[in-house]
Amino acid sequence: MPTRTFIEAVREGLRDEMQRDEAVIVLGEDVGKKGGVFLATDGLYEEFGEDRVIDTPLTESQIIGTSIGAAVNGLRPVAEIQFADFIFPAFNQLLSEAARMRYRSNNTFGVPMTVRAPYGGGVHGALYHSQSVEAFFTHIPGLKVVIPSTPYDAKGLLRSSIRNDDPVLFFEHKKMYRSVRGDVPDGEFTVPIGRAQVTRQGTQVTVVAYGLMAHYALEAADRAADEDISVEVVDVRTLRPLDKETVLDSVRKTGKCLIVYEDNRFGGYGAEIAAIIAEEAFDYLDGPVTRIAGPDVPGVPYNHVLEDWFMVSPEKILDGIRTLAAY
Amino acid sequence: MPTRTFIEAVREGLRDEMQRDEAVIVLGEDVGKKGGVFLATDGLYEEFGEDRVIDTPLTESQIIGTSIGAAVNGLRPVAEIQFADFIFPAFNQLLSEAARMRYRSNNTFGVPMTVRAPYGGGVHGALYHSQSVEAFFTHIPGLKVVIPSTPYDAKGLLRSSIRNDDPVLFFEHKKMYRSVRGDVPDGEFTVPIGRAQVTRQGTQVTVVAYGLMAHYALEAADRAADEDISVEVVDVRTLRPLDKETVLDSVRKTGKCLIVYEDNRFGGYGAEIAAIIAEEAFDYLDGPVTRIAGPDVPGVPYNHVLEDWFMVSPEKILDGIRTLAAY
Amino acid sequence: MAVTQRGEAAGRPAKGVRRVGASVGLSDEQLIEMYRMVALARAIDERMWVLNRAGRIPFVISGQGHEGAQVGITWALKKGHDWVAPFYRSIATAMTFGMTARDMMTAQYATANDPSSGGRQMPGHYGHAAHNLLSVSSPVATQILHAVGIALAAKIRKTGQVAMTFMGEGSSNQGDVHEGLNFAAIHKLPFVLVIENNGYAISVPSSKELALPDVAARASGYGIPGVVVDGADVLACYRASKEAVERARRGDGPSLIEAKVTRLTGHSSDDQQTKYRPAEELEAERSLDPLPKFREQLTAAGVLDEELIARIDAENKAVVDDATNFAESEPDPSPDNALEHVFAEGVEGTF
Amino acid sequence: MAVTQRGEAAGRPAKGVRRVGASVGLSDEQLIEMYRMVALARAIDERMWVLNRAGRIPFVISGQGHEGAQVGITWALKKGHDWVAPFYRSIATAMTFGMTARDMMTAQYATANDPSSGGRQMPGHYGHAAHNLLSVSSPVATQILHAVGIALAAKIRKTGQVAMTFMGEGSSNQGDVHEGLNFAAIHKLPFVLVIENNGYAISVPSSKELALPDVAARASGYGIPGVVVDGADVLACYRASKEAVERARRGDGPSLIEAKVTRLTGHSSDDQQTKYRPAEELEAERSLDPLPKFREQLTAAGVLDEELIARIDAENKAVVDDATNFAESEPDPSPDNALEHVFAEGVEGTF
Ligand SMILES: Cc1ncc(C[n+]2csc(CCOP(=O)(O)OP(=O)(O)O)c2C)c(N)n1
Ligand SMILES: Cc1ncc(C[n+]2csc(CCOP(=O)(O)OP(=O)(O)O)c2C)c(N)n1
Ligand SMILES: [Mg+2]
Ligand SMILES: [Mg+2]
């Protein structure tokens, strides 16, 4: 099987879907000639022309609001938000409009739209080019939220997202774009929205993670194995709707769970997973549900000393695994 | 002690602070002659004039962004967002700007601003006049989030918020405005930000709640007492920073915890409380950490049949208490 | 670029009217239908208030005073082909574009079969997929971007559709309006923005909402036409709209139409406008009511006479009675419905 | 209302300059200081790129091509009294308003004592409380509302301050700009919006960002003056700014100044502009560089001569060397610092 970097898989997913379905358009800042600041859309402008690859003005609310309208009138827009940190001018359009259109119209209108955005830190991007934003969206009924961690999942889930009849937010950890490679078959395949994956089997501790943290979790699990701690890793992949059963099955087996996320800890996405486990797997728990997450400061600082302090690392996860295993 | 409705306490808090400190101004939609759509600012325009009670255009991002600037240059703005549901056009200003100004400038700029907004359902307001929005803000480091449940706390906490040197979001459940009354002493008093309160002592089950739900929790606890279930109720009052110790102390005592919130369940504020308890009180738990919350649909529907279906009620809380007590 | 045309001044010689109708390509029959629509929207609206005061429906938000502009402007669109993204005062627009009196009344009662939302939304949040009438939300002005997106899709898909949206002057200050006009103008989209300027955003007078009296003055900043019309002059509204729609359909890009209207009622049934509007102003603005004005205009022109007016009134009353009775007897939604239609697949998590 | 003035056309007879300086109230000494500032900002900026290419600093975002407009416009403010809300290209603005070369260089190195952010923000996010220079964030255009709020406080507190903000033409399309101009115009706030129009938002040419070439055309929609100036003409920029600042200080309200500038570098050190800009365009725009233009202008007018230019260059080089050495040797922040200053009280939860 051919191997691809993460960003190549995203780009191929876009290209394939645009070839397959004329209704698919791409729009956002610098997605045209420049091919996106991370080159996710490189070559699409040349292949599909300016009607289907639209360089928008620097106006995120417009990007999303216009995509909603275009989706209502027969297109399948794939909007790029240049950095997830800049999605907030469009927050009202996403929460009040995209997420609610179907419900509020009693199923007479729908918004088949995908919003892609690079997120995450560890790339020297400071407060405004490092943020993890998923928790703001996973709390919104009516939105689907996808965060793949492998090139295979990226391509397969992006295809599913574009074909989905409802709004999907598709977040890509920017540190993975070029550092993560993996097998991606040629030809048609999809990965279903709403299914988590056990990416490593283990018996003593379950680690639940997604995005870059799914890789760090595997790395920490490997190292834990050297210390004879058997770790199971669940890569959530779709944060909403969450595949609760896969998570719960694992925790019921291991009896211990560590949830890892890069975002600020308080009120982050992992809090919901912890709450679900605390309620629905209580009888199986042999230790507290613990979390390793970003500290509660308003952003990832720039200076490398400060950034390292902020970021969740395989070491920090390993520490969490050790503590829990010893409980 | 004189008794006041909830909205009277808010209004008096505003008035007292404006009398005390010239730097305090009030701004928002319809806060002038009309006195606000709920009359929270009634009479202030007449007393303090149009320089200090400003009817803004219908532009929430401007209301917040301008308040940030005014706060930086010596004022203490109290912005009213007419309904919490309409705070989202200002989300970027709150998250990226207000919450981060002090941190990103290494403590050289600060934003002493209070944002008041009525929230909550059960008032026939449908999707866009019923929302609980706290979870979006309690996840943002750099913001404080206050939700009082009594007139006393409303006045005392509003004063503390206005005097605080950082941005405070102050949410008022609109169903309580006229239905809740309580003692409010004349003269100077404040209630500190960051302190929860045990509003009922009990031994078997802890119920954690805030806002209207703090009342419903007490009501359910009363009825539970008739069934010989002893319930302790913790009114969180300040959601961020959370007074973790008061919550944990109670749960360590009772061994069981039910968290109640009106907002959509998945990823709501109560998930963080559940996660904290699951991690930090694990050894004391005699039952799962459970939640009673709003269902995961994109908004409170309008028709009374649907709205009743949505809303958390004392009955639903009582059911939760019973189940947990019997565990 | 901005062309500012004032509508026909009030008090013009009445005999001009028939020619005005002809000059904009409307037959007498069409003028009568337009009048019927203005009067019907008013009749429904008045009934809503009666029902509210009688405790039958908890909330009313009204289009009274706006109907002339709405009918005149919406009339220029092709029903069942073009798109409208309305706002909460768009009763007459929604009806001109295809919604029936029963449709409107079931929305007031929030019944199971209310086509706008199945009882999920407050009254005033009209929408109807079969008529290309987009579902309304409450946060103001968001719909401009949806209409612009609809126009973008129309252009890309070459459907020949025009998208029109409506909002108040207060709402026109939201950032989305700037972003929407800019994008539509850059891409010369088939899009029309209609501002119904009634001088107030709830209690805030336009002098505190806008730096200039005319929202239309902003159009020139985007290189598009901006037109001011007298919203009580139905035919002037129609003419301005026809021009804008033709321009859009030709591919020449968007336009902004500002109709000066009056808000004859409080902001909604929860508002007392006497608290912030002087009595003289309220009195004076009664003269801007489009209904008597249109009636007198058409009567003077010989299009309407007393008998026809009485017949239309009676027919409208029957339509409103029927709609009210219908809506009164329609069932509430079932609580089971509340969990449905979060996603196309149904309930969350079931795939 | 909108007054559109083009700046002095390029290629004017040089002897006019001295009089131009006088006519805007600037002495030769001041002109020399302005030139020194333009050249210093350029020298620091060029050094940043050298350091970046040498691997000393990971990221550069540049003001090259914008310095003339920034110095000319910022010069009209009262330092230590008025306020500036800058943007990421505002190197020359920040320095004109009081920041030193060392201040700028510590921001590049993100050292513990960097006055902008103590090493917390990326370079380009300048700010300095002692100089009323507001901290910059990354989401574009948000700062307009802060500047408007600062102006509101100045008006209410009667401080006599003027607030000025700067941004690119791409950023001017954000909703916040509409909302900010509208509010400032309604309240006649002492506020000036400066657009540095370099024709691109990263790779997007202004024809895809704006429906019209001039952002200033939008001013008339708010009833405020909108002026276009040649951003390479430092004195024309100063004159336009002086008028706007005086107007603001008089209480006559806000203005918009659009300076046409050129972006001499890629968007940032992460960008390759040759991918989307034709070589001829890049070549042609070199002639819009304000630095040689100002130098020639002042030389022709006898304000500068070769010796003085050489001296200024040497002095600037020494300043930049000193700043670089200083910043190189400054310590990184301590990791403990990262948890501080979330709130005024310190760490969250400790009260
Ligand atoms: C974003 C947002 N903020 C506030 C409101 C509350 N609100 C509803 S209508 C209205 C006034 C609208 O004024 P205008 O646009 O002039 O329309 P009009 O009601 O006068 O027709 C306000 C403030 C809202 N619906 N949405
Ligand atoms: C809200 C937001 N969206 C996107 C970006 C990414 N971004 C940074 S600068 C820029 C282009 C800005 O163009 P312009 O305003 O013309 O200023 P210039 O860089 O040309 O000086 C973009 C898209 C951002 N910083 N903020
Ligand atoms: Mg209005
Ligand atoms: Mg630019």
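Preceding this paragraph is the structure being described.
The following paragraphs examine the structure supplied in this document.

What counts, and at which threshold
Residues numbered from 1 in each chain as written. Chains lettered and ligands numbered in written order. Predicted model: local features only at pLDDT ≥ 70, side-chain atom pairs only at ≥ 80, totals over all residues. Heavy atoms only, no water. Helix = DSSP H or I, 4+ residues; strand = E, 2+ residues; numbered from the N terminus. Rg over C-alpha atoms; globule rule 2.2 N^0.38 Å. Buried < 20%, exposed > 50% of the residue type's maximum accessible area, 1.4 Å probe, protein only. Contact = heavy atoms within 4.5 Å. 1 Å grid on protein atoms, 1.4 Å probe; cavity = no way out; pocket = protein on both sides within 12 Å on 5 of 7 lines; lining within 4 Å. Points joined across faces, edges and corners; volume = space filled by probe spheres on them. Nonpolar A, V, L, I, M, F, W, Y, C, P; charged D, E, K, R; others polar. Buried area = accessible area lost by both parts, 1.4 Å probe. Salt bridge = Lys/Arg side-chain N within 4 Å of Asp/Glu carboxyl O. Polar contact = N/O pair within 3.5 Å; in protein donor to acceptor, adjacent residues only side chain to side chain. Donors = N, O, S within 2.8 Å, 3.2 Å for Na, K, Ca; no water. Tetrahedral: all angles 85-135°; square planar, octahedral: opposite > 155°, others 65-115°. Axes fitted to C-alpha atoms, helices over the stretch in contact; angles between N-to-C directions. Parallel < 35°, antiparallel > 145°, perpendicular 65-115°, else oblique. Left-handed = near helix turned anticlockwise from the far one by under 90°. Near = heavy atom within 4 Å.

### What about the overall build of chain A?
When its secondary structure is counted, chain A shows 13 helices and 14 strands. By the compact-globule yardstick of 20 Å for 327 residues, chain A fits well, its C-alpha radius of gyration being 19 Å. Dimensions of chain A along its principal axes, counting C-alpha atoms only, are 60 × 45 × 40 Å. Here chain A holds 327 residues, and the buried ones make up 74% of them. Within chain A, contacts between residues separated by at least 24 positions form 81% of all contacts whose residues are at least 6 apart in sequence.

### Topic: empty space enclosed by the protein
In this structure the tally under the stated criterion is 13 cavities of 30 Å³ or more. By volume, the largest cavity amounts to about 110 Å³. Secondary-structure elements contributing two or more residues to the lining of the largest cavity are α6 (134-138) and α11 (269-280) of chain A together with α6 (134-138) and α11 (269-280) of chain B. By residue class, the composition of the lining of the largest cavity is seven nonpolar, seven polar and two charged.

### Looking at the interface of chain A and chain B
Every contact between the two is made by 52 residues of chain A and, on the other side, 52 residues of chain B. Both sides of the chain A and chain B interface together cover about 4700 Å² of buried area, and 62% of this is carbon and sulfur. Our count for the chain A to chain B interface comes out at six salt bridges. Summed over the shared surface of chain A and chain B, the result is 28 residue pairs in polar contact (both at pLDDT 80 or more).

### Quick word on the coordination of the magnesium ion (ligand 4)
All names here are of chain D. Bound to the magnesium ion (ligand 4) on the protein side are E169 (OE), E169 (OE), N198 (OD1) and Y200 (O), at distances that span 2.1 to 2.6 Å. For the magnesium ion (ligand 4), the six donor atoms are set out with angles of 52 to 179° between them, so the coordination reads as irregular. Here the donor residues of the magnesium ion (ligand 4) are spaced in sequence according to E-x28-N-x1-Y. Within this pair, whereas E169 is found in the loop between β2 (163-168) and α7 (175-186), its partner N198 is found in the loop between β3 (191-197) and β4 (200-201), the two being separated by 29 residues in sequence. For N198, a relative accessible area of 6% corresponds to the buried category.

### As for the packing of helix α6 (residues 142-157) of chain C against helix α7 (residues 175-186) of chain C
Residue and element names in this part refer to chain C. Interaxial distance between α6 and α7 falls to 8 Å at its minimum, and their mutual angle equals 15°. Regarding the angle of α6 to α7, the classification is roughly parallel. When the axes of α6 and α7 are compared, the crossing they make is left-handed. Across the interface between the two elements, T142, I144, L145, V148 and L152 from α6 touch D176, V177, E179, G180, L181, F183 and A184 from α7. In terms of residue class, the contact of α6 with α7 is built from eight nonpolar, two polar and two charged.

### Details of the site of ligand 2
By nearness alone, 22 residues border ligand 2, and A:E60, D:Y88, D:R89, D:S171 and D:Y200 come closest of all. Surrounding ligand 2 are residues belonging to chains A and D, so the site spans chains. Take D:E169: an N or O atom from its side chain is 3.0 Å from an oxygen atom of ligand 2. Here D:Y200 contributes a backbone N or O atom positioned 2.6 Å from an oxygen atom of ligand 2.

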